[in-house]
Amino acid sequence: MINNFTRRIALATAASAALMAALPAAAADWKPQKPVEMVIMAGQGGGADRLARLFQSIIQKEKLSAMPVLPVNKGGGSGAEALRYLKDKEGDNHTIMATLNSYYTTPLRTDIGVNIEDFTPIARMAIDTFVLWVNADSDIQNLDDYVAAVKAAGGAWKMGGTGTGQEDSLVTSMLETEFGLDITYVPFKGGGDVAKNLVGGHIESSVNNPSEALGFYQAGKLRPIAAFTPDRINVFPDTPTMTELGHELVYSMQRSFVAPKGMDPEAVAYYVGMFEGLNANDEWQTYTSEKALNADFLTGDDLQAYFLQERDKHSELLSASEGS
Amino acid sequence: MELLGYLADGFATSLSPLNLFIVLMGVTAGLFIGAMPGLGSVNGVAIVLPLTFIVPPSSAIILLAAIYYGAMYGGAISSILLGIPGASTAVATTFDGRPMAQQGKAGLALIAAACASFIGGTVSVVLFTLFAAPLADVALAFGPAEEFALVLLAFTTFVGLGGDDILKTIMMICLGLALSTVGLDLISGQPRLVFFDQPGFYSGISFLVLAIGVYGIGEILYTIETQKAAPQVTPAKLTFKELWYGIKEINKMWKTLSFGSIMGFFVGMLPAAGATPAALMSYGIAKLMSKQPEKFGKGAIEGVVAPETANNAASTGSLLPMLTLGIPGSPTTALLLGGMVMWGLVPGPMLFIEQPDFVWGLISSLYTANLAAVLVNLALIPVFVWALRMPFTVLCSMVFVLCLVGGYAPSQKMHDVWLIVGFGVGGYLLRKADYPMAPLVLALVLGPLMEKSFRQTLIAEQGNVMAFVERPLSGTFIAISVVFFLLPLVKHVKAWLGRAPSPTNN
């Protein structure tokens with residue numbers, strides 16, 4: 001709500017600059033005429049938020065957009081707030097949304113009248129990874145310890161995560177099924193909040209993305225137990241993958257951008273170009289390797305096909321987790 | 001003494017001519033932004049954030065700190081002059097600030113607010129300088145149960161100490177809590193109370209919409225009705241004598257000031273709590289400790305000093321979890337966090353170790369920004385007071401327009417404007433029936449926080465309600481809450497016992 005306001009003011013401040021920039025150019029290509037709103041499907045401080053703000057800063061620094069890009073957090077109801085907002089923006093050429101996997105799960109779980117097939121795919125920037133974390137003060141050193149501790153807690157083991165039915169809760173239910181565990185899942189507002197509560201001892205484990213927990217890990221406050229990736233994450237070379245340990249648990253999170261239904265094709269082309277520039281940026285490429293992200297760029301129909309395929313996969317995961 | 005060395009380096013940066021100029025510009029802009037109902041430090045920082053690319057990062061931080069402080073000072077101005085809290089942190093300032101302005105003491109109230117803000121801000125920055133790193137652990141000790149207990153404490157300070165008519169206060173709190181559930185449920189993501197299937201209700205009812213409605217529009221309607229025959233011009237003047245008198249008065253309130261500053265800092269530091277409960281609790285405690293509690297709510301200077309000290313102290317405190325844990329304590333610090341990411345800084349436990357230049361540059365700029373803010377604010381008070389000399393008919397229409405624009409600007413939805421008008425009329429009717437407005441507005445601010453932390457605790461503790469009492473920190477808060485809640489009752493009983501034997505004595 002507040003950031004919306006920003007858009008308005010930035011509009012005013014940037015309008016004069018825009019005017020000057022627009023005058024000499026013989027409007028051949030489409031360019032944003034006012035600041036572009038970047039809706040974030042999650043709260044402040046989490047992985048999605050930090051990433052979106054990083055994108056914004058690179059776009060701004062490298063002048064990849066003719067207009068400022070303004071991030072707006074709409075994290076309420078596992079991203080339902082953001083999805084609903086994007087639906088209401090039909091035909092708008094100045095709104096894009098940074099997505100995560102709740103892009104599939106939230107419309108499947110809640111009756112908010114959103115069909116993601118209607119939205120316009122822009123670009124997939126990266127695939128994020130998941131790691132099982134415990135507090136560094138705990139005695140748990142490896143997966144066996146972990147499973148034993150959860151079983152000993154007899155259903156009272158507290159796993160923190162972002163909203164019910166979101167990525168973290170799916171990974172949790174995968175753990176429950178695989179190891180025959182009974183875990184109490186506590187939803188928080190964002191991944192940053194989860195990591196903080198794990199360090200503070202209010203929950204007992206988390207499945208944070210590496211970027212959310214990295215600061216605490218470097219400060220010696222959190223311990224990675226196992227990664228939900230096909231191969232080891234280079235930032236945590238000593239942390240085994242679930243696959244290595246003999247458990248086929250792999251889950252990843254897409255970090256993409258979509259636009260409202262009915263965005264003009266020229267505008268779509270503009271934003272795709274903008275993200276292509278971003279993908280080629282050195283700062284972004286360094287960030288992905290440091291923060292254990294896979295930069296896996298995808299656009300257009302391929303991206304839409306990927307979205308729909310992932311949605312089907314999540315539909316199965318959800319029915320499995322809610323059935324348990 | 002390593003610390004002093006860092007701080008000295010920081011000051012060397014923040015006192016350069018360019019940066020001093022930036023500080024003055026920043027606080028002045030912040031002051032006006034904060035003074036407009038509907039705008040606040042969040043908007044101030046948001047507006048300027050994109051501009052910070054053109055100055056070096058060290059100056060950019062200073063600019064943001066200056067705006068942040070300026071807006072915090074400015075928040076009190078509309079609360080006092082117009083009775084409309086520009087931000088939720090300034091609600092408590094209206095309780096006594098507005099009556100003071102109506103009694104022609106607007107200048108004095110503004111001076112008190114400025115000086116109190118300065119003291120709160122300064123004490124808080126000193127605490128921050130000395131203890132930032134160790135205090136991060138205190139913030140970590142705060143889980144959902146503690147959050148809930150703290151919000152409950154803020155509520156009971158209000159019910160127990162604030163309300164004259166406890167039944168009406170509780171009814172208004174319930175109404176506010178009901179309004180706070182409108183929108184999407186945080187935990188399950190399901191829509192709740194979406195009236196008439198209006199999509200506007202999906203994002204809930206914001207504090208600003210309700211506050212502008214009941215305080216802005218409601219107040220205008222009420223004033224028009226009560227003073228329709230002779231529109232009253234609030235006499236307001238400001239002299240040096242008054243300034244001196246104000247400073248002397250504030251000097252006497254060292255207890256309120258020190259308590260408000262320290263408590264404000266600690267409450268602000270807790271993630272998710274922030275300046276609104278801090279200001280409320282400070283007001284409640286000041287009233288409790290006062291020798292003349294009956295003066296509160298009728299224009300007591302202390303009633304302005306207490307919340308203003310605490311909310312400024314809290315706004316500095318809320319920088320702490322942002323810098324040390326990477327968790328923003330308030331919407332404004334979330335924006336600052338965004339700014340830091342833009343400059344390639346990673347907030348979190350490693351920041352103090354890896355980027356000492358940045359951290360100490362920021363801390364030293366808080367000192368200069370705070371000083372600049374109080375000076376600019378005091379210098380501009382005559383301008384603000386002058387606004388009150390306008391004929392009521394002119395002022396009233398200006399306020400009306402400001403209210404509608406201030407309500408439309410943040411969301412740019414007509415939905416919110418209609419809600420404001422609706423709340424205005426509703427608020428006016430409730431006021432006529434003597435229902436207090438503050439509990440309604442505060443319940444809407446604190447309600448979502450309370451609900452979220454309550455449910456998180458119950459989920460985590462398998463539905464065990466005793467979890468709230470068993471944990472030492474939250475147990476303590478809940479115990480204090482119970483005392484506050486029962487206090488008025490004890491007072492009544494005492495008064496009754498004191499009166500009963502008197503006939504025989506006579």
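Here's what I pulled together on the structure shown here. (Residues numbered from 1 in each chain as written. Chains lettered and ligands numbered in written order. Predicted model: local features only at pLDDT ≥ 70, side-chain atom pairs only at ≥ 80, totals over all residues. Heavy atoms only, no water.)

### Notes on the sheet that holds strand E3 (residues 95–99) of chain A
Residue and element names in this part refer to chain A. As summarised here, the arrangement of the six strands in space is E2-E1-E3-E10-E4-E11, forming an open sheet in which the pairing is mixed. A single partner strand is all that each edge strand has here, and the edge strands are strand E2 (69–73) and strand E11 (294–299). Going from strand to strand, the sheet's axes swing by 20° on average, the running direction of each strand aside. (Pairing = 2+ DSSP bridges. Helix = DSSP H or I, 4+ residues; strand = E, 2+ residues; numbered from the N terminus. Axes fitted to C-alpha atoms, helices over the stretch in contact; angles between N-to-C directions.)

### Side note on helix H7 (residues 191–199) of chain A
Residue and element names in this part refer to chain A. Judged by how many residues are buried, H7 sits mostly within the fold: nine of nine residues are covered. Among the residues of H7, Gly 191, Gly 192, Asp 193, Val 194, Ala 195, Lys 196, Asn 197, Leu 198 and Val 199 are the ones counted as buried. Positive phi appears at Gly 201, one or two residues downstream of H7, with a value of about 80°. (Buried < 20%, exposed > 50% of the residue type's maximum accessible area, 1.4 Å probe, protein only.)

### Some details on the pattern of salt bridges
What the rule picks out here adds up to 11 salt bridges over all chains. Across the pair A:Glu117 and A:Arg311 runs a salt bridge, and its minimum N-O distance is 2.8 Å. Within this pair, whereas A:Glu117 is found in the loop between helix H4 (102–109) and strand E4 (120–129), its partner A:Arg311 is found in helix H11 (residues 300–323), the two being separated by 194 residues in sequence. Classification of A:Glu117 as partly exposed rests on a relative accessible area of 41%. The shortest N-O distance in the salt bridge between B:Lys452 and B:Glu147 comes to 3.6 Å. With B:Lys452 in helix H20 (residues 438–460) and B:Glu147 in helix H7 (residues 144–162), this pair connects stretches of sequence that are 305 residues apart. (Salt bridge = Lys/Arg side-chain N within 4 Å of Asp/Glu carboxyl O.)

### Some details on the packing of helix H2 (residues 17–35) of chain B against helix H4 (residues 57–81) of chain B
Residue and element names in this part refer to chain B. Contact geometry for H2 and H4: axes closest at 6 Å, N-to-C directions at 30°. Of the two possible hands of crossing, H2 and H4 adopt the one that is right-handed. In this structure, H2 contributes Leu 18, Asn 19, Ile 22, Val 23, Gly 26, Val 27, Gly 30, Leu 31, Gly 34 and Ala 35 to the contact, and H4 contributes Ser 59, Ile 62, Leu 63, Ala 66, Ile 67, Gly 70, Ala 71, Tyr 73, Gly 74, Gly 75, Ile 77 and Ser 78. In terms of residue class, the contact of H2 with H4 is made up of 13 nonpolar, nine polar and no charged. (Left-handed = near helix turned anticlockwise from the far one by under 90°. Contact = heavy atoms within 4.5 Å. Nonpolar A, V, L, I, M, F, W, Y, C, P; charged D, E, K, R; others polar.)

### Focus on helix H10 (residues 240–251) of chain B
With 12 residues, H10(B) extends 17 Å between its outermost C-alpha atoms, agreeing within 8% with the 16 Å of an ideal straight helix rising 1.5 Å per residue. Buried positions along H10(B) lie against helix H6 (106–140), helix H11 (254–269) and helix H13 (301–317) of chain B. (Expected span 1.5 Å × (residues − 1).)

### Describing the environment of B:Ala306
All names here are of chain B. With respect to the helices and strands, the residue Ala 306 is situated in helix H13. Separated by 22 residues in sequence, Ala 306 and Gly 284 have C-alpha atoms that sit 8.7 Å apart. Among residues more than four places away in sequence, those in contact with Ala 306 are Thr 256, Ser 282, Tyr 283 and Ala 286.

Read these as geometric descriptors, not functional statements.
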